[in-house]
Structure formats: C-alpha cells, structure tokens
Amino acid sequence: MSSNKNKTVLVAGGAGYIGSHTTVELINAGYDVVIADNLSNADISAVKGVEQIVGRSVPFIQVDCCDIDALRREVFGKYSFASVIHFAAYKAVGESVSEPLKYFRNNLQSLLNVLTLMKEFDVPNIVFSSSATVYGQPEVLPATEATPRQRANSPYGLTKQMSEDIIQDTVAAVPFFKAIALRYFNPIGAHPSALIGELPKGVPANLVPFITQTAAGIRKELSIFGDDYGTPDGSCLRDYIDVVDLARAHVAAVGRMVENQSAERYEIFNIGIGRPVSVLELVKLFEEVNGVPVPHKIVARRPGDVEKIWAATDKANEVLGWHAERELGDTLRAAWAWEKHVRGL
Ligand code: WQD
C-alpha cells in the first residue's frame, strides 16, 4: 500500500485515550495516520469516534506491538512513515505493583520492537509518552526537564524511566534517529464533541473518571485520599492538562522533528498547564461548572502518592512552541459531557 511518506504518522496505541485524541489533532493538522492497537485496553468505538470527528476513515490495524513479526508484516511493511508516536503501553500504577513482569514485558518489548522496525524501515522520528512520574516528589517545584529523576515507586513508572533511557541510547547509536519524550502531567478531559474520551475498565483508579462516574451515580461517593498534606487545603496538588491540549503537543513534536527543527536528536518536554490544583479544588470546580453534586468523603492517604507536583512549561512554550489553551472549567465540562454520552444520560 502506498502512502505519503512525509505526512504519514504511525500511532501505536491509537485507539486509547490519548492516542485517539492525538489522531484527531494530527489529521486536523494535515497528517495521514495509521492506527495500530491490540485493543487490550481500548475499544474499537474510539476509532469510530475519531472517524466521525474528522469525517473520513482512518486505517486501523489490530496488532500487538509485542509481536514483531506481525508488526513488521502488517504495519511497517505496508506503509512508509515519517514518524511514530508510541502510546502502546499498560498504565495502571497499582496493577503494575502486583504484576511487574506484565508491565516490564509489555511496555519494554513493544518499545524495543518499534525501535527495531524503525531502524529496519528507515523511519527516523519517534514521540514517546513519558510521564511526570519519573520525577517522584521533586524537592524544588515546579519540576523542570532538568529536575533530577528519582527512582520511580512503581514498575509502571520504572518502565517510563527505562523507556526514556532506551530511546536516548538508541538515538545516540543510530545517526538518523530523532526522538522527543513528552512527560505528561495529569491528562484529563475529553474531546469537546463528546465522541471520544477516557473509558477505564472497571473501577477507575484516576481522579477525574472517578468524579464523573460518581456524578453519574455509578459510584456512591468519591474518596479523597488525604487532607493532611502540607498544602493549602491539605489535599494533594497536581497539574491537570486537557487531553486535547496534550494531543496538540504531539503534533508539535512530530512537526519539530519532521521539519528538522530539533536542537538535539533526543529532547524532553514537560506537558502540563504549569499551575498546581488541589484535589478539593478540582472537585469543587467540577461541581460548579457542571451544576452536579459529587458526593465525597476524606479517607486515608493513598500509598505511593506524591504530595505535590506541577510542571515548569517554559521549555514546551518557548522551544516546542506549544501552549496549553483550554480552561480547566471547560476541560471538566468536556469530561462530564463524555461521561453522559457514554452512559446515555
Ligand atoms: C490524582 C490525585 C490522588 C483518585 C497517575 C500516575 C501517572 C499518570 C496519571 C497514567 C491524587 C487523588 C485520586 C481518587 C483521590 N499515569 N485521588 N481519589 O496519581 O497523580 O497520577 O495517573 O496513566 O503516572 O501516577 O493521578 O488521577 O490517580 O490522582 O483523592 O479516587 O487525586 O490521591 O492526589 P496521579 P490520579
């Protein structure tokens, strides 16, 4: 199958939460996208949602990135890519603690396969989904890209650190490779169309899906994990970034590499709004903008949580040319609109 080499992006994990939103923004920016996803933690309805938003069909290949032969045969052998965006990974922090080998095997093997095939098929650029979790609890805030990483406190976080290192060393060894690691802070929200969004399986581990499911009456009440932290209202501080803004950061990263603007062949950018928001503030804002109550109670701290983290976004703003644009209230409106869409409310 032929494709326009300079415009085609492989989105591995493109049926997932961030991958689906990124596919929409890539297509809006004029790229062609091929989605590869094994649907292990995603639903084909996300691809349909993407197609509805962009008004055209998007090539989708159901393949496991851990299966290098299938990935070679079905994906790299059939299309020519300008860049890969690698989202295909497990992401449940708690599960990674009880099943570390599952996380190391999947998250590292899929990356190794993608890098191997990029080399084999002369695909020069990769954007990698990294995470603010690589910083642990920084001593100085906001966290800049130069803030020292600390040993992650979950196998999930370790796979992000290891993947960054694997990419850095591979780029150093392969002269035509360029890579950008985006360290996401806390991605939340949904596409304003309410046609795609986050679809966690089972009981949500993350805050916003738990809020929206509680507002929808699926969960009785939200547990707020601790109000005795050394923060203004005692609850944890995070940097909540709208998923559409985050998606646009990937488009900027691809553009930077494709247009040969990278200052170094391996670059890292924090992607957040650069402002701390407490758990209690977020719940209150959600209730205000949506006019719906979120019953909640304070419970004990959750093991493994950092007290506070938010991003320095200067590098992303000035070097990548990306800015977060969406207001937090609009992000929480979109999260609620998506939940209502999913539940038929
Ligand atoms: C946010 C805040 C909780 C649920 C994790 C990963 C990170 C990234 C995103 C993923 C914290 C509090 C939560 C609840 C609560 N990875 N909370 N009640 O832990 O900052 O980041 O998810 O794909 O790498 O570490 O996000 O949404 O779980 O929690 O009070 O029911 O909300 O204590 O302060 P976190 P989160």
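Residues numbered from 1 in each chain as written. Predicted model: local features only at pLDDT ≥ 70, side-chain atom pairs only at ≥ 80, totals over all residues. Heavy atoms only, no water.

The next subject is the sheet that holds strand 3 (residues 60-62). Ordered by their spatial adjacency, 7 strands build an open sheet running 3-2-1-4-5-6-11, and the pairing between neighbours is parallel. Each edge of the open sheet is held by one strand with a lone partner, namely strand 3 and strand 11 (266-271). If you compare each strand with its neighbour and ignore which way they point, the axes differ by 20° on average. In the sheet, strand 5 (residues 125-131) pairs with strand 6 (residues 178-184) via 7 bridges, with the strands oriented parallel. Note that in strand 6 the partner of Val127 across the bridge is Ile180. Contacting strand 1 (8-12), strand 4 (83-86), strand 5, strand 6 and strand 11, helix 8 (residues 243-258) crosses the sheet at an angle of about 160° to strand 6. (Pairing = 2+ DSSP bridges. Helix = DSSP H or I, 4+ residues; strand = E, 2+ residues; numbered from the N terminus. Axes fitted to C-alpha atoms, helices over the stretch in contact; angles between N-to-C directions. Contact = heavy atoms within 4.5 Å.)

Moving on: the site of the ligand. For the ligand, the set of nearby residues contains 19 residues, the closest of which are Leu207, Ser223, Arg238, Arg302 and Asp305. Ser223 has a polar backbone atom sitting 2.7 Å from a nitrogen atom of the ligand. One of the backbone N or O atoms of Phe225 is found 2.9 Å from an oxygen atom in the ligand. A total of 690 Å² of accessible area belongs to the ligand in isolation, and the protein chains cover 87% of it. Here the shell around the ligand takes 4 residues from strand 8 (residues 222-225), the largest share from any one element. Taken together, the residues that form the shell around the ligand break down as 10 nonpolar, 5 polar and 4 charged. (Near = heavy atom within 4 Å. Polar contact = N/O pair within 3.5 Å; in protein donor to acceptor, adjacent residues only side chain to side chain. Areas by Shrake-Rupley, 256 points an atom, 1.4 Å probe, with all protein chains shown as cover. Nonpolar A, V, L, I, M, F, W, Y, C, P; charged D, E, K, R; others polar.)

A few words now on the pairing of strand 8. Where burial is concerned, the two faces of strand 8 differ: the one with Leu222 and Ile224 is buried and the one with Ser223 and Phe225 is not. Pairing geometry for strand 8 and strand 13 (residues 296-299), over 4 bridges, is parallel. The residue of strand 13 that forms the bridge with Ser223 is Lys297. (Buried < 20%, exposed > 50% of the residue type's maximum accessible area, 1.4 Å probe, protein only.)

Here the focus is helix 6 (residues 155-173). Its 19 residues give helix 6 an end-to-end C-alpha distance of 26 Å, which sits within 8% of 27 Å, the value for a rise of 1.5 Å per residue. The complete set of buried residues in helix 6 reads Pro155, Tyr156, Gly157, Leu158, Thr159, Lys160, Gln161, Ser163, Glu164, Ile167 and Val171. Elements that come into contact with the buried residues of helix 6 comprise helix 4 (93-98), helix 5 (100-120), strand 5, strand 6 and strand 11. (Expected span 1.5 Å × (residues − 1).)

Turning next to the nonpolar core. Judged by nonpolar contacts, the single largest core of 38 residues is most densely connected at Leu26, Leu182 and Ile271. Of all the elements in the fold, those that place two or more residues in this core are strand 1, helix 1 (17-28), strand 2 (32-37), helix 2 (44-54), strand 6, helix 8, strand 11 and helix 10 (314-320). No other element matches the 8 residues that helix 8 contributes to this core. Contact partners of Leu182, with chain neighbours within four places excluded, come to Val127, Phe128, Ser129, Ser130, Ser131, Ala249, His250, Ala253, Phe269, Ile271 and Leu320. In this structure, Ala70, Phe76, Val171 and Tyr266 belong to the second largest nonpolar core, which totals 31 residues. (Core = buried A, V, L, I, M, F, W, Y, C linked by side-chain atoms within 4.5 Å.)

Geometric descriptors of this kind do not, in isolation, establish any biological role.
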